[in-house]
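Listed here are the chains, written in short residue letters.
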Protein chains: 2
Amino acid sequence: MITIDFDKRGSAGLCEFLVDSLKTQILTNRLIAGEKLPSKRTLASHLGVSVITVQNAYNELIATGYIYSIEKKGFFVTEIMPVQSFATSDSHEATKKAGHAHALSNTKPEPKFFTDFRSNSTLSEKFPFNVWAKISRQVLNRADDALLERQDVFGVWELREAIAKYLLEFRNMQVRPEQILIAAGTESLYSMLVQFLGRTLRYALENPGYKKVASVFKLEGARVTALPIDSEGMNPELLKRAGADVVHLSPSHHFPTGIVTPIRRRNQLLNWASEKPHRYIIEDDYDSEFRFNGKPLQTLQSGDKFGRVIYINTFSKTLAPSFRISYMVLPANLVEPFRKKFEFASCQVSAFEQFTLAQFISQGYYSKHIIRMKNYYRTLRNNLIQAFTQSKFKDMATIREEEAGLHFLLTLKADEHPGLKKRTNENRSGLGNRIQNGATLNAEILDARLRREGIRLPLLRDYFYETTKHSETTFVVNYSGIKKEHIVQTVKRMEKAILGG
Amino acid sequence: MITIDFDKRGSAGLCEFLVDSLKTQILTNRLIAGEKLPSKRTLASHLGVSVITVQNAYNELIATGYIYSIEKKGFFVTEIMPVQSFATSDSHEATKKAGHAHALSNTKPEPKFFTDFRSNSTLSEKFPFNVWAKISRQVLNRADDALLERQDVFGVWELREAIAKYLLEFRNMQVRPEQILIAAGTESLYSMLVQFLGRTLRYALENPGYKKVASVFKLEGARVTALPIDSEGMNPELLKRAGADVVHLSPSHHFPTGIVTPIRRRNQLLNWASEKPHRYIIEDDYDSEFRFNGKPLQTLQSGDKFGRVIYINTFSKTLAPSFRISYMVLPANLVEPFRKKFEFASCQVSAFEQFTLAQFISQGYYSKHIIRMKNYYRTLRNNLIQAFTQSKFKDMATIREEEAGLHFLLTLKADEHPGLKKRTNENRSGLGNRIQNGATLNAEILDARLRREGIRLPLLRDYFYETTKHSETTFVVNYSGIKKEHIVQTVKRMEKAILGG
């Protein structure tokens, strides 16, 4: 029978705590896919809570796709292929806080890390400052009225044309410049989409996933549901059960797991969207430019016959995070309604920069830059992986999803070293000496030890929405901004921090 | 007794129509300030509607400040000093539509006007492209990591420091860079403010006013109330009666009437804000740089002892509309909560442009540019006013609020010329020949005739929120973008369009 320790409930409501606990048990396979759950009445009496509480919890779990009901038979655990397995830890919230801590006064910048695996930064030596300056100069030399005029909310026509051509050439997407809208970062696009589609719709997100999407959706007052992905990405059945209207997806390269949604599943997703008039898929193609093997996959947008896919991409990954230029491709049928709603507004991106980027793309510098960066990142990744395989981690490390994007997953097997052991009475060097009384791996301490070595390295679990606690040591290694010459030293420092060497 | 022609109700609800009609009668002084309104029962029976309908209408009018009730005595008309007097016209909606019309395909830019008095554009010959290009080059030559890094949601520190110094020097405002947040246009700031303060609060706006604010607030799902201003701007009594929590104001130079809120009223507004913990004033100081006589007025922000004024300004007016850089100054106590809420987000403005603008300001080019533009605009305004006073309009034109900002009000007295007569049976040249059967001045036709001459000239009434109809011929002359050498020809064309010469 299911055991729930209500003593750990803290300030959470009974139902909320029950939901969280059951989610954890499902995600950690303590409740197995297909397993029949106790009846509401049985569980209620077992746990000493009211039947209504259990009923509300079950309903919530059905809505979010964790369990399903079969009439006259009962409730069953959904077959979710969890991306990772989980154990419990008490430090999740604390880590989150530490990770987001910010100097109160903001007079000082954040501390610099020797190696920062969290931010997807770009090395300044890799950015073509000279070309950019040259083109800026060309643009400013025009000195014409167009440079100073308020820009249509969709953005500068020249840039939209350049993007349309680029999408045709590199993504095989047939879109008209009219469908393209330029905005100041993907966050702005998410905002506009909620404002346009309506905040009463239910927005589903991939779990784990890119949490900023949820933050923006919530700021916009939308109803947000994070749904667990399986090995093929988002399952449309879960979308249906959760009553989702709009879903944010990264089918070509899920962040951060790297999962690629196969064609059959893609078609199922498109079919899901076509079934009701207000259903839309927001396809976030944030890093498709950096696929190392083979051609980039076809976008959902290309396969969309129903006008239900809104395609989003950004220049933050390919140029630099400081560029606040992203764009979306609206289905043709949404162009006019969108224009009507935002007619009063101006495009948020400076016209100078839009004209400059348009020239940067159409003079061929952009695709050259991507090719150069792809080669550079491939080498960087190879060097980094090689360093791991030659390190003390070699027998305990698994690397996955390294074929695309600017990150991979690094899993350290906990049993391989006392420092990572989940339960230990040891009191020697390494993490072990902080873990007492059978406590599980303490992510906060791990993070602190890494930071002391100048390393910032996020855990996969940081990308999950649950407040449930899990502590598997899988790291998301965002390597785009690290220095090549720091690699060896970085791995050494990681050994010291993690293994206490 | 109040007469309402319910035949003209169209698709509006009974209550809604009653509210609109009463508002019109108050604004046009058909119902005089202090006048006692009929009791609910009397009016209901007189109009043949239910008492509930009248009651709801009265409540709505009380909430929006048009009327007030005194216990046991009844309902009275509020003393609102209307900025303008109003007559009725049937073409308001049509004009609005025409003014906002947009090519469906967006393949072509909007038609260019010989003279456009609507957009506050900047002439390219007046923009220091060379200096900007030089500084851009300087910034790009740094080629350092800071240029490429994701920027804190508050923006680039260097720019915030430059703005703080500028505000001290030119606005005598003592603010710390920590309080300053950079965003992509004032629209983005309005959005963030609703997201931060909450969409359940009631947001009050100046009527007439800058309508984009309402558009953004509504997109954000906030509750919005437009309140009539009097000769001193917004009256805090109306804010109280309307149950407003937040108010958007332009106290130093109201747009478009140019009203300057005097000190006593300012203090009343600050007191209003201080009375409840969730009350805030958004002070929009959009064009204070261009005050032609005397020093700029002290900002509300400077007088704010309670931490209730959020100051907003933009570079769109002083540099060019294509610049999407605006900023706000948060009260010190809101800085940390704001940071907490938007911690996940990045500043929306490109770092290149922020660093460039920072240098443009701190190297002194910005204040030089403003002084140069102020002189240029003063001359432009003088030439334009002179042209009017030497034209056929000379005996019928009144010009007001020309001491500041980049626009003034031009009122043509309708009785002075048959073309503008409100009721006419004439069928000769001029507007008169289109106005038959005693119809009132048709703004749509006026607009069409002006456009045919290549002139875009907005009416003051376009800046009101009411759907009620009024047609006084007061124009808002936004002159910043017109060409000096076009002035004489422009006035000639206006004569032809308006007077049918």
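Right above here is the structure, for reference.
What to know about the overall build of chain A
Part 1 of the reasoning: Broken down by element type, chain A carries 16 helices and 14 strands.
Part 2 of the reasoning: Per-residue burial for chain A yields a buried fraction of 60% across its 501 residues.
Part 3 of the reasoning: Taking all contacts inside chain A whose residues are at least 6 apart in sequence as the whole, residues at least 24 apart take part in 71%.
Part 4 of the reasoning: On chain A, roughly 19,900 Å² of surface is accessible, and the fraction owed to carbon and sulfur atoms is 49%.

Points about the sheet that holds strand β6 (residues 223-228) of chain A
Residues and elements named next belong to chain A.
Part 1 of the reasoning: With mixed pairing, seven strands are arranged side by side in an open sheet as β4-β10-β9-β8-β7-β5-β6. With partners counted over all chains shown, the strands left at the sheet margins are β4 (180-183) and β6, one partner each. When strand polarity is set aside, the average angle formed by the axes of neighbouring strands in this sheet is 20 degrees.
Part 2 of the reasoning: Note that strand β7 (residues 246-249) and strand β8 (residues 280-284) share four bridges and pair parallel. The partner of leucine 249 across the bridge, within β8, is glutamate 283.
Part 3 of the reasoning: Here helix α8 (residues 211-219) sits on the sheet and contacts β5 (202-207), β6, β7 and β8; the angle it forms with β5, its principal contact strand, is near 160 degrees.
Part 4 of the reasoning: With respect to the sheet, helix α10 (residues 263-274) is in contact with β7, β8 and β9 (309-314), its orientation differing from that of β8 by roughly 140 degrees.

Some words on the relation of the copies chain A and chain B
Part 1 of the reasoning: The transform that puts chain A on chain B rotates by 180 degrees and translates by 0.0 Å along the axis, for an RMSD of 0.2 Å. As the rotation angle and translation indicate, the two copies are arranged about a two-fold axis.
Part 2 of the reasoning: Of the residues that chain A buries at the interface, 98% are likewise interface residues in chain B, meaning the two copies contact each other through the same surface.

Points about the interface of chain A and chain B
Part 1 of the reasoning: Of the residues lining the interface, 63 residues belong to chain A; the matching set on chain B comes to 62 residues.
Part 2 of the reasoning: In total, about 5,400 Å² of surface goes out of reach between chain A and chain B, with carbon and sulfur atoms giving 54% of it.
Part 3 of the reasoning: Contact with chain B buries area across many residues of chain A, yet Leu148(A), Leu219(A) and Phe344(A) alone supply 15% of it, more than any other trio.
Part 4 of the reasoning: At the surface where chain A touches chain B, the tally comes to two salt bridges.
Part 5 of the reasoning: Arg199(A) is the salt-bridge partner of Glu220(B), the closest N and O atoms lying 3.8 Å from each other.
Part 6 of the reasoning: Contributing elements (two or more residues each) for the side of chain A that touches chain B: α5 (129-142), α6 (157-171), α7 (186-197), α8, α12 (332-342) and α13 (351-362) of chain A.
Part 7 of the reasoning: For the side of chain A that touches chain B, the leading source of residues is α5(A), giving eight residues.
Part 8 of the reasoning: When grouped by side-chain class, the residues that make up the side of chain A that touches chain B number 24 nonpolar, 18 polar and 21 charged.

A word on the pattern of salt bridges
Residues and elements named next belong to chain A.
Part 1 of the reasoning: One pass over the full model with this rule turns up 30 salt bridges over all chains.
Part 2 of the reasoning: We note a salt bridge from arginine 339 to aspartate 152, for which the minimum N-O separation is 2.7 Å. Of this pair, arginine 339 sits in helix α12 while aspartate 152 sits in the loop between α5 and α6, and the two are 187 residues apart along the sequence. Assigned by exposure class, arginine 339 and aspartate 152 land together as buried.
Part 3 of the reasoning: Put simply, glutamate 187 and lysine 212 hold a salt bridge, and the shortest N to O gap is 3.6 Å. Of the two residues, glutamate 187 is situated in helix α7 and lysine 212 in helix α8; the sequence distance between them amounts to 25 residues.

What about the state of the cysteines?
Part 1 of the reasoning: In total, this model carries zero disulfides over all chains according to the counting rule given.
Part 2 of the reasoning: Summary of cysteine pairing: Cys347(A) is not part of a disulfide, and the nearest cysteine sulfur, belonging to Cys347(B), is at 15 Å.
Part 3 of the reasoning: Judged by relative accessible area, which is 2%, Cys347(A) ranks as buried.

Details of the packing of aromatic side chains
Residue and element names in this part refer to chain A.
Part 1 of the reasoning: Counted by the stated rule, this structure contains 62 aromatic pairs over all chains.
Part 2 of the reasoning: Taking 4.9 Å as the distance between ring centres and 55 degrees as the angle between the ring planes, the aromatic pair formed by tyrosine 203 and phenylalanine 217 counts as tilted. Of the two residues, tyrosine 203 is situated in strand β5 and phenylalanine 217 in helix α8; the sequence distance between them amounts to 14 residues. Here the two residues tyrosine 203 and phenylalanine 217 agree in accessibility, since each one is buried.

A closer look at the sheet that holds strand β5 (residues 202-207) of chain B
Residue and element names in this part refer to chain B.
Part 1 of the reasoning: Across the sheet, seven strands lie side by side as β4-β10-β9-β8-β7-β5-β6; this open sheet has mixed pairing. Only two strands of the sheet have a single neighbouring strand rather than two, namely β4 (180-183) and β6 (223-228). Ignoring strand direction, the axes of neighbouring strands in this sheet form an average angle of 20 degrees.
Part 2 of the reasoning: Here β4 runs beside strand β10 (residues 326-329); their pairing, made up of four bridges, is antiparallel.

Quick notes on empty space enclosed by the protein
Part 1 of the reasoning: A full pass over the atoms with the stated rule returns 16 cavities of 30 Å³ or more.
Part 2 of the reasoning: The volume enclosed by the largest cavity comes to roughly 460 Å³.
Part 3 of the reasoning: At the level of elements, β4, α7 and α8 of chain A together with β4, α7 (186-197) and α8 (211-219) of chain B are the ones that each hand at least two residues to the lining of the largest cavity.
Part 4 of the reasoning: Residues belonging to the lining of the largest cavity are distributed by class as follows: 22 nonpolar, ten polar and four charged.
Part 5 of the reasoning: Of all elements in the fold, only α5 and α13 of chain A together with α5 (129-142) and α13 (351-362) of chain B reach the threshold of two or more residues within the lining of the second largest cavity.
Part 6 of the reasoning: A per-class count over the lining of the second largest cavity returns eight nonpolar, four polar and two charged.

Points about the pairing of strand β14 (residues 474-478) of chain A
Residue and element names in this part refer to chain A.
Part 1 of the reasoning: Counting buried residues in β14 gives five out of five residues, a clear majority hidden from the surface.
Part 2 of the reasoning: Burial of β14 is two-sided: the residues Thr474, Val476 and Asn478 facing one way and the residues Phe475 and Val477 facing the other way are all buried.
Part 3 of the reasoning: Inspection of the sheet shows strand β12 (residues 407-412) paired to β14 by five bridges, in the antiparallel sense. Looking at the pairing, histidine 407 lines up with asparagine 478 of β14.

What about α10(A)?
Residue and element names in this part refer to chain A.
Part 1 of the reasoning: The terminal C-alpha atoms of α10 lie 16 Å apart, and with twelve residues this matches the ideal 16 Å at 1.5 Å per residue to within 8%.
Part 2 of the reasoning: Along α10, the positions that sit buried rather than exposed are Arg265, Arg266, Leu269, Leu270, Trp272 and Ala273. The buried residues of α10 all sit within an arc of 155 degrees when viewed along its axis, so they share a single face. Relative to its buried face, α10 has exposed residues pointing more than 90 degrees away, namely Ile263 and Arg264.
Part 3 of the reasoning: Residues of α10 that are buried sit in contact with α9 (236-241), β7, β8, α11 (300-303) and β9.

Brief notes about the pairing of strand β10 (residues 326-329) of chain A
All names here are of chain A.
Part 1 of the reasoning: On β10, burial covers both faces: Ser326 and Met328 on one face and Tyr327 and Val329 on the other are all buried.
Part 2 of the reasoning: Two strands pair when backbone bridges link them, and β9 and β10 are joined in this way by four bridges, in the antiparallel orientation. Paired with isoleucine 312 across the bridge in β10 is methionine 328.

A few points about the nonpolar core
Part 1 of the reasoning: Core analysis: the biggest nonpolar cluster contains 149 residues, and Phe475(A), Tyr479(A), Met494(A), Phe475(B), Tyr479(B) and Met494(B) have the highest contact counts within it.
Part 2 of the reasoning: With eleven residues, helix α14 (residues 365-389) of chain B is the single largest residue contributor to this core.
Part 3 of the reasoning: Apart from the residues within four sequence positions on either side, Met494(A) is in contact with Phe117(A), Phe388(A), Phe393(A), Leu410(A), Leu450(A), Ile455(A), Leu457(A) and Leu499(A).
Part 4 of the reasoning: Counting 66 residues, the second-largest nonpolar core is a separate cluster that includes Phe196(A), Ala345(A), Tyr190(B) and Met328(B).

Reading the values: the criteria
Sequence order sets the numbering: in each chain, residues are counted from 1 along the sequence as written. Whichever chain is written first becomes A and whichever ligand is written first becomes 1, with later ones labelled in order. A pLDDT threshold of at least 70 governs which residues receive local features in this predicted model, and a stricter bar of 80 or more applies before side-chain atom pairs are shown or counted, although totals over entire chains, interfaces and linings include all residues. Neither water nor hydrogens contribute to the side-chain values; these are computed over all heavy atoms in the structure. Only DSSP runs of H or I with at least four residues qualify as helices, and only runs of E with at least two residues qualify as strands; both kinds are numbered from the N terminus onward. Partly exposed residues are those whose accessible area sits between 20% and 50% of the maximum for their type, while under 20% is buried and over 50% is exposed, using a 1.4 Å probe and protein chains only. It only takes one pair of heavy atoms within 4.5 Å for two residues to be counted as in contact. Note on areas: Shrake-Rupley, 1.4 Å probe, and residue coverage restricted to the protein chains presented here. When DSSP finds two or more bridges between a pair of strands, those strands are recorded as paired. Axes here refer to lines fitted to C-alpha atoms; in helices the fit is confined to the stretch in contact. Angles between the N-to-C directions go from 0 to 180 degrees. Alignment of copies: least-squares fit on C-alpha atoms of residues with pLDDT of at least 70 in both copies. What gets called buried area is simply the loss in accessible area from a 1.4 Å probe that two parts show on being joined, summed for both. A side-chain nitrogen of Lys or Arg and a carboxyl oxygen of Asp or Glu constitute a salt bridge if their distance falls within 4 Å. Polar here means any residue outside two lists: the nonpolar Ala, Val, Leu, Ile, Met, Phe, Trp, Tyr, Cys and Pro, and the charged Asp, Glu, Lys and Arg; Gly therefore counts as polar. In plain terms, two cysteine sulfur atoms within 2.5 Å form what is called a disulfide here. Stacked, edge-to-face and tilted are the three classes for Phe, Tyr and Trp ring pairs, Trp counted by its six-membered ring, which pair at centre distances within 6.5 Å; planes under 30 degrees apart are stacked, over 60 edge-to-face, the rest tilted. Residues are said to line a cavity or pocket when one of their atoms sits within 4 Å of a point; the points come from a 1 Å grid over protein atoms alone, cavities being sets where a 1.4 Å probe fits but cannot get out and pockets being open sets with protein on both sides within 12 Å along at least five of seven lines. Grid points are joined across faces, edges and corners, and a volume is the space filled by probe spheres set on the points. Residue count minus one, scaled by 1.5 Å, sets the expected span of a helix. Directions drawn from the helix axis to the C-beta atoms are what define this arc. Buried Ala, Val, Leu, Ile, Met, Phe, Trp, Tyr and Cys residues form a nonpolar core when they are joined through side-chain atoms within 4.5 Å.

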